[in-house]
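# Observations on the model geometry
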Amino acid sequence: MRTLISGGTVVTAEGSFPADVLVDGERIAQVGSGLAATVSADETIDATGRYVIPGGIDVHTHMELPFGGTFAKDTFETGTRAAAFGGTTTIVDFAVQSKGKSLREGLDAWHAKAEGNAVIDYGFHMIMSDVTDDSLAEMDQLVAEGVPDFKLFTAYPGVFFSDDGAIFRAMQRTARNGGLIMMHAENGLAIDVIAADTVAAGTTDPIGHGLARCSVLEAEATNRVIRLAQAAKVPVYIVHLSAKEALDAVRMARDEGLPAFAETCPQYLFLSLDDLGHGFEGAKFVCSPPLRSKDHWDELWKGLVKDDLQVVSTDHCPFDFHGQKDLGQGDFRKIPNGLPGVEDRVDLLHDGGVVGGRITKERWVEIVSTAPAKLFGLYPRKGAIVAGADADIVIYDPNRTRTISATSHHMAVDYSCYEGRTVQGAPDLVMSRGSVVVRAGQFAGRKGAGRFLKRATADYARMA
Ligand code: URP
Ligand code: ZN
Ligand code: ZN
């Protein structure tokens, strides 16, 4: 099957230019002008007036994550379908090592969840919650199998938490095997003390979650793990950075020339501590790190402009308001942490970033697709519009508007954090490895068509 995408503006991280794109089978065969006159195709898709961009890559999702006595609602089928509707054609999800279990058991379980269900391509990172001699040794094998990143936590004592010694040992291991440590950086031990004090003082509503998890404790942990990585002589990637003080720690390290990388998420750019108010309704917005006051927004955008933040991913981890979030009625500590978002990232960043005049359209493509591909061993197979790359392509209308709502979204969750927000920019057609998965708002893909992506090590991070 050969498809010609004609008349569009190709937008890449490097620049924008009018060009036709010829897709042959699963790959991009040619990018150039006037291809309609020189090549034959089974189908020609007119992209006039639209952008032709590499499919979005969301390197932080949690399909079916066990958390707080329940599971994130989206399966690999529903979650990747929703991702595709939003212009994302690759996810990297977090497999979970449970305490007392091996990495292998966790990874096998995640392969079983995804295989035969995902509609777009997917990879895995590994959550390490039990650093032992055995699990350290297992890391080498996972790197060899294309799962080269390991998320550790200074948060969630008793669940995913690792102490500094454990984190340092895992970092030392990646110095030898080429893997990358991803850190959830909040001082969970101190936060738990403040949270207990907050409940004891009578604040049990979701706002207590935001007040207890103060930004200085994110900054402290961020600086600490960066310095641990410095001592271990390895790069480090900070996930879901939310606070300007934490960004300061990353910026300082980068100014020193250290290979410290970080992502933020749409919720930290568009939502705020105010959303955690309004009584128990605020449970819809409970995630960790928590939403911050609005004065953090400008700093995070500045971080994206200046490349102190390289990536925007979603941390997609949806729980229904009715039946899941309400486990925390009367005690905010029992609200499952996480927000839905995999469907809205590309459009929110286009609307707030490009239309809002904060970033160029080329930088938008970079932070939603190309930079994650480079940092996570997928480039140039993904994240690029170039001959030889996988034909993961979005024909994007920068002028069409849509209103975000739980009544029309495709995520398996009963609310939207962005209910009623109108965004400018929407995908008209989404292609995954040469096959159309979404066309004119209709799903055209196939359950199980997504393939596991064996990813390379973080060489890009090491060379920085
Ligand atoms: O609140 C969040 N972020 N839930 C998902 C788990 C994690 O820490 O990423
Ligand atoms: Zn986390
Ligand atoms: Zn997460």
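Rules and cut-offs
Residues numbered from 1 in each chain as written. Chains lettered and ligands numbered in written order. Predicted model: local features only at pLDDT ≥ 70, side-chain atom pairs only at ≥ 80, totals over all residues. Heavy atoms only, no water. Donors = N, O, S within 2.8 Å, 3.2 Å for Na, K, Ca; no water. Helix = DSSP H or I, 4+ residues; strand = E, 2+ residues; numbered from the N terminus. Buried < 20%, exposed > 50% of the residue type's maximum accessible area, 1.4 Å probe, protein only. Pairing = 2+ DSSP bridges. Contact = heavy atoms within 4.5 Å. Axes fitted to C-alpha atoms, helices over the stretch in contact; angles between N-to-C directions. Tetrahedral: all angles 85-135°; square planar, octahedral: opposite > 155°, others 65-115°.

## A look at the coordination of the zinc ion (ligand 2)
Protein ligation of the zinc ion (ligand 2) involves Lys151 (NZ), His184 (ND1) and His240 (NE2), the donor distances falling in the range 2.1 to 2.2 Å. Sequence positions of the donors to the zinc ion (ligand 2) reduce to the motif K-x32-H-x55-H. Distance-wise, the zinc ion (ligand 3) is placed 3.8 Å from the zinc ion (ligand 2). With His184 in strand E12 (residues 180–184) and His240 in the loop between strand E13 (236–238) and helix H8 (244–255), this pair connects stretches of sequence that are 56 residues apart. The exposure classification of His184 matches that of His240, with both residues buried.

## Observations concerning the sheet that holds E12
Two pairing modes exist for strands in a sheet, parallel and antiparallel, and in both the strands are linked by backbone hydrogen bonds. With parallel pairing, the eight strands of this open sheet are ordered in space as E6-E9-E10-E11-E12-E13-E14-E15. The open sheet terminates on both sides in strands that have one partner only, identified here as strand E6 (56–61) and strand E15 (311–312). Pairing geometry for E6 and strand E9 (residues 88–96), over four bridges, is parallel. Bridged to Asp58 within E9 is Ile91. In the packing of H8 onto the sheet, contacts are made with E13 and strand E14 (260–264), and the angle to E14 comes to roughly 150°.

## Concerning the coordination of the zinc ion (ligand 3)
Each donor-metal-donor angle would ideally measure 109.5 degrees in four-coordinate tetrahedral geometry, or 90 or 180 degrees in six-coordinate octahedral geometry. For the zinc ion (ligand 3), every protein donor is listed as His60 (NE2), His62 (NE2) and Asp315 (OD), and the spread of their distances is 1.9 to 2.1 Å. Each of the four donor atoms bound to the zinc ion (ligand 3) contributes to angles spanning 88 to 140°, and the resulting shape is irregular. Positions of the donor residues of the zinc ion (ligand 3) along the chain correspond to the pattern H-x1-H-x252-D.

## What about the environment of Asp134?
Tracing the sequence through the fold places Asp134 in helix H3 (residues 133–144). We classify Asp134 as exposed; its relative accessible area is 60%. Remark: the alpha-carbon pair of Asp134 and Asp428, spanning 294 residues in sequence, is separated by 48 Å.

## Concerning unusual backbone geometry
Cis peptide bonds are those with omega within 30 degrees of zero, and the linkage from Ser288 to Pro289 qualifies with -10°. Cis geometry is found at the peptide bond from Tyr379 to Pro380, where omega equals 0°. Not every positive phi belongs to a glycine, and Lys233 is a case in point at roughly 60°. Examined against the element boundaries, Lys233 turns out to sit in the loop between helix H7 (215–232) and E13. In this structure Lys233 comes out as exposed when scored by relative accessible area, which is 71%. Even without glycine at this site, Asp307 takes up a positive phi of about 70°. Within the fold, Asp307 resides in the loop between helix H10 (297–305) and E15.

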